[in-house]
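Given next are the chains, with one letter for each unit.
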Amino acid sequence: MTDTPKQRAAVILAAGKGTRMKSPLPKVMHAVAGRPMVDWSIALARNVGAEKIVAVVHPSQDVLIAHLGKHHPDIAIAYQDPPQGTGHAVRCAEGALAGFEGDLAVLYGDSPLVPAATIEALFGTLSGKTGLGVLGFEAEDPGLYGRLITAEDGSLEAIVEAREATPHQLRVRLCNSGVMAGRAGDMFRLLAKVTNNNAKGEYYLTDLVGLARAEGIGCAVAVSGEDDLIGCDSKVDLAEAEAIFQSRRRRALMEAGVTLVAPETVFFSHDTEIGPDAVIEPNVVFGPGVKVAGGAQIRAFSHLEGAVVGAGCSVGPYARLRPGTVLAANVHIGNFVETKNTAMGEGAKANHLAYLGDGAIGAGANIGAGTIFCNYDGYLKHQTDVGEGAFVGSNSSLVAPVRIGNGAYVGSGSVITKDVPDDALAVGRGQQVTREGWAKNYRAKKAAEKAARTKGKD
């Protein structure tokens with residue numbers, strides 16, 4: 001008979017002002033790999049099975065509070081005002097977790113790269129007499145990090161701040177990340193005993209270790225890589241976290257069979273999906289929400305966001321696929337083509353210099369160079385439909401709402417304002433007028449005027 005798994009909850013500390021970011025945007029709303037850092041922490045909590053999640057914020061963080069309400073309406077929000085340390089922050093979440101009797105993890109909203117496996121290992125330390133686990137890392141340069149002092153059996157004896165450590169303790173490289181897990185009831189009971197009798201006058205979460213051991217509650221350490229636990233307090237930190245993510249993602253995709261011609265020049269979002277045998281040329285940027293099927297080619301200097309690219313497609317160079325773009329198999333999008341909220345059927349082509357916004361393009365259709373879907377009337381967006389096998393000549397403007405029928409032709413330079421039936425030809429342009437000798441006479445007239453002006457000055 002196996003034990004029933006304990007319920008899990010997570011408290012995400014996100015009330016920090018982030019003054020070193022030099023930005024009015026709350027620190028945890030700054031993005032890594034196209035995703036606000038707080039969303040990384042929420043996703044982490046969900047990935048390890050947290051049934052209850054509480055974000056601790058400051059009431060002045062309007063942007064953060066609105067973001068949580070819009071994108072994560074199921075999580076609770078607790079307010080810390082004024083901030084009085086990490087221990088105080090966790091206590092602010094106690095009301096939102098009233099009656100919860102499972103295991104609780106304390107996460108940080110500015111640490112975007114913590115792996116779910118690491119938190120699973122941290123929860124895994126909680127068994128028998130061990131009621132508190134701390135996540136540590138082996139630091140190359142421990143510096144001012146708090147040291148995790150362990151016993152011979154590997155249990156955690158104490159967390160010692162660098163400023164208070166002995167020379168022997170300073171040689172310890174196992175450092176405190178701040179992430180902690182424990183039995184929720186024990187954690188809140190012990191937090192009530194934490195004092196602010198220290199130089200900063202704050203309530204420290206790290207004091208739980210000493211209080212737990214004093215009651216005979218065992219403490220343990222789970223270890224993760226130093227890069228996994230990077231905290232982002234400044235734009236420099238953000239750039240370092242971004243570099244770590246990108247390096248890992250590039251390697252993972254190449255190992256999965258994706259060709260990156262110049263890996264260091266390609267940038268991915270947290271959710272980018274690329275199939276095996278796709279080829280990504282240099283200087284390509286993937287915004288959030290992109291899926292590229294195997295065998296597709298994304299050529300140099302292209303930007304994709306919110307787009308689905310089918311097998312065998314060719315995109316770019318210098319193409320921009322905006323949200324809502326869906327390309328079926330073997331579609332060609334060429335240089336300086338922009339698409340938005342447009343679906344293109346199998347084998348359709350737009351090879352040069354076009355804007356295709358709010359449209360549907362049938363299989364095998366050809367969109368000529370310089371074509372514009374005129375989708376906006378100043379108030380509303382409208383749809384343009386191009387049928388299967390249709391041909392739209394170069395430098396045409398299709399004024400939505402409008403439909404070009406299956407197999408229809410649009411003459412080059414046309415402005416199309418009415419639907420074109422299947423297999424019809426539509427030409428919407430002014431009649432050409434040719435005046436023989438006009439250019440010669442015009443040049444002679446201008447030369448005479450110039451001569452007269454020059455003579456007048458003499």
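The rules behind each value
Residues numbered from 1 in each chain as written. Predicted model: local features only at pLDDT ≥ 70, side-chain atom pairs only at ≥ 80, totals over all residues. Heavy atoms only, no water. Buried < 20%, exposed > 50% of the residue type's maximum accessible area, 1.4 Å probe, protein only. Helix = DSSP H or I, 4+ residues; strand = E, 2+ residues; numbered from the N terminus. Arc of directions from axis to C-beta. Contact = heavy atoms within 4.5 Å. Phe/Tyr/Trp six-rings, centres within 6.5 Å; stacked < 30°, edge-to-face > 60°. Lys NZ or Arg CZ within 6 Å of the ring centre and 35° of its normal. Lys, Arg positive; Asp, Glu negative; His and termini not counted. Salt bridge = Lys/Arg side-chain N within 4 Å of Asp/Glu carboxyl O. Polar contact = N/O pair within 3.5 Å; in protein donor to acceptor, adjacent residues only side chain to side chain.

So, helix α7 (residues 207-214)
Then, number 1: Looking at α7, one finds that the buried residues are Leu-208, Val-209 and Ala-212. Seen end-on, α7 carries its buried residues on one side only, within an arc spanning 105°.
Then, number 2: Summarising the contacts, the buried residues of α7 are in contact with β7 (130-138), β9 (156-160), β10 (174-183), α6 (184-191) and β11 (218-224).
Then, number 3: Directly after α7, the chain includes Gly-216, whose backbone phi takes a positive value near 80°.

Considering the packing of aromatic side chains
For any pair of aromatic rings, the description consists of the separation of the ring centres together with the inter-plane angle of the planes.
Then, number 1: Under the criterion given, the structure shown has 7 aromatic pairs.
Then, number 2: With centroids separated by 5.8 Å and ring planes inclined at 70°, the aromatic side chains of Trp-40 and Phe-245 adopt a geometry described as edge-to-face. Taken as a pair, Trp-40 in helix α1 (residues 37-47) and Phe-245 in helix α8 (residues 235-255) lie far apart in primary sequence, 205 residues in all.
Then, number 3: A residue is classified by how much of its surface remains accessible, and Trp-40, at 15% relative accessible area, is buried.
Then, number 4: Relative to Tyr-442, the ring of Trp-438 lies with its centre 5.0 Å away and its plane at 10°, an arrangement referred to as stacked. Of this pair, Trp-438 and Tyr-442 both sit in helix α9 (residues 438-457), 4 residues apart, which is roughly one turn of that helix.
Then, number 5: In this structure an aromatic cluster arises from ring pairing among Phe-301, Tyr-318 and Phe-336.
Then, number 6: Across the ring face of Trp-40, the terminal group of Arg-35 is positioned such that the distance to the ring centre comes to 4.8 Å.
Then, number 7: Its end group placed over the ring of Phe-267, Arg-250 keeps NZ or CZ at 5.0 Å from the ring centre.

Topic: the side chain of Arg-250
Then, number 1: Mapping Arg-250 onto the fold places it in helix α8.
Then, number 2: Here Arg-250 is buried and forms no salt bridge, its nearest opposite-charge partner Glu-264 lying at an N-O distance of 6.7 Å.
Then, number 3: Polar contacts involving the side chain of Arg-250 include one to the main-chain carbonyl oxygen of Pro-263, which spans 2.8 Å.
Then, number 4: A distance of 3.4 Å separates the side chain of Arg-250 from the backbone oxygen of Glu-264, its partner in a polar contact.
Then, number 5: Those residues in contact with Arg-250 that sit more than four places away from it in its chain are Leu-260, Pro-263, Glu-264, Val-266, Phe-267 and Phe-268.

Bear in mind that shape data such as this cannot, by itself, settle questions of function.
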